[in-house]
Amino acid sequence: MDSQSQNASLQRLQTVEKRIVRVLELAGGVMEEFSNPNGPRKEFVNNHCSEFMQLIKDIQVTLREEIKSACEYRPFEKCDYIARISNEICCKKVEYVLEKLDGMKETIDEYNRAT
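Per-chain numbering applies: the sequence of each chain, read as written, is numbered from 1 onward. Per-residue local features are limited, in this predicted model, to residues with pLDDT of at least 70; the limit for side-chain atom pairs, both in listing and counting, is 80 or more; totals at the level of whole chains, interfaces and linings are taken over all residues. Computation of side-chain values covers all heavy atoms of the structure but excludes hydrogens and water.

Below, the discussion takes up the side chain of S9. Note on placement: S9 falls in helix α1 (residues 3-34). Assessed through its relative accessible area of 11%, S9 is described here as buried. Here a polar contact means two N or O atoms within 3.5 Å. Within protein one must be a hydrogen donor candidate and the other an acceptor candidate, and residues neighboring in sequence count only if both atoms are side-chain atoms. A distance of 2.4 Å separates polar atoms of two side chains, one belonging to S9 and the other to E66. Secondary structure elements are taken from DSSP: a helix is a run of H or I of four residues or more, a strand is a run of E of two residues or more, and numbering for both begins at the N terminus. When accessible area is computed with a 1.4 Å probe and restricted to protein chains, residues below 20% of their type maximum are described as buried, those above 50% as exposed, and intermediate ones as partly exposed.

It is worth spelling out the packing of aromatic side chains at this point. Side-chain rings of Phe, Tyr and Trp (the six-membered ring for Trp) are treated as a pair once their centres are within 6.5 Å; stacked means planes under 30 degrees apart, edge-to-face means over 60, and tilted covers the remaining angles. Enumeration according to the criterion identifies 0 aromatic pairs in this entry. In this analysis the charged atom, NZ for Lys or CZ for Arg, is taken to sit over a ring once it is within 6 Å of the ring centre and within 35 degrees of the ring normal. The ring of F44 has R41 lying over it, and the distance from NZ or CZ to the ring centre is 4.8 Å.

Counting through the fold element by element, S69 comes out in helix α2 (residues 42-72). Taking relative accessible area as the criterion, S69 reaches 23% and is therefore assigned partly exposed. S69 sits 57 residues away from R12 along the chain, and the two C-alpha atoms are 12 Å apart.

Moving on: the nonpolar core. To define a nonpolar core, start from buried Ala, Val, Leu, Ile, Met, Phe, Trp, Tyr and Cys residues and group those joined through side-chain atoms within 4.5 Å. By size, the foremost hydrophobic cluster in this structure holds 5 residues: V16, V23, L26, L55 and I59. Those elements that place two or more of their residues in this core are α1 and α2. Considering each element in turn, this core owes the most residues, 3 residues, to α1. What makes two residues a contact is simply this: any of their non-hydrogen atoms within 4.5 Å. In this view, V23 contacts F52, L55, I56 and I59; residues no more than four positions away in its chain are not counted.

Our focus in this paragraph is a nonpolar patch on the surface. Two distance rules govern patches: like charges are joined within 9 Å, and nonpolar side chains (Val, Leu, Ile, Met, Phe, Trp, Tyr) within 5 Å, applied only to residues with over 30% relative accessible area and no salt bridge. Surface accessibility follows the Shrake-Rupley procedure with a 1.4 Å probe radius. Residue values consider only the protein chains on display as shielding. Here, a salt bridge means any Lys or Arg side-chain nitrogen found within 4 Å of an Asp or Glu carboxyl oxygen. There is a patch of nonpolar side chains on the surface, built from V94, Y96, V97, L98, L101 and M104 and spanning about 590 Å² of accessible area. Relative to the elements of secondary structure, V94 occurs in helix α3 (residues 81-114).

It is worth spelling out the packing of α1 against α2 at this point. Running from N to C, α1 and α2 cross one another at 155°; their axes reach a closest spacing of 9 Å. It follows that α1 is roughly antiparallel to α2 by the angle criterion. In the packing of α1 onto α2, the handedness of the crossing is left-handed. Grouping the amino acids of the contact of α1 with α2 by side-chain chemistry returns 16 nonpolar, 4 polar and 7 charged. For helices, the fitted line uses only the C-alpha atoms of the stretch in contact; every axis is such a line through C-alpha atoms, and the angle between N-to-C directions lies from 0 to 180 degrees. Between 65 and 115 degrees an angle is taken as roughly perpendicular, under 35 as roughly parallel, over 145 as roughly antiparallel, and anywhere else as oblique. By definition, turning the near helix anticlockwise from the far helix through less than a right angle yields a left-handed crossing, and turning it clockwise yields a right-handed one. Polar here means any residue outside two lists: the nonpolar Ala, Val, Leu, Ile, Met, Phe, Trp, Tyr, Cys and Pro, and the charged Asp, Glu, Lys and Arg; Gly therefore counts as polar.

Set out below in structure tokens:
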């Protein structure tokens, strides 16, 4: 994920954060309206509830998109660590086999000299 898309993602998440704050304000406003001694104003409650529901939907959509985007991000995709380590292990194995073959050659040479 390049820095430009990271910045865009952070901006979208900041927008979500602002929407969450607004959702809480709306919920608080409705609660205050219900506690009004004269009774709640129907239009006020309806407007707040409609805005609340729309913001909740927007928050869900944005968060789903951000989660999906984060799941697609693979920071080690171009990393060659595993391949390098595998190659090093193979080299060590080859060195070990060569040492053993050299030892066998010496043993054969000693046997041939003795006979």
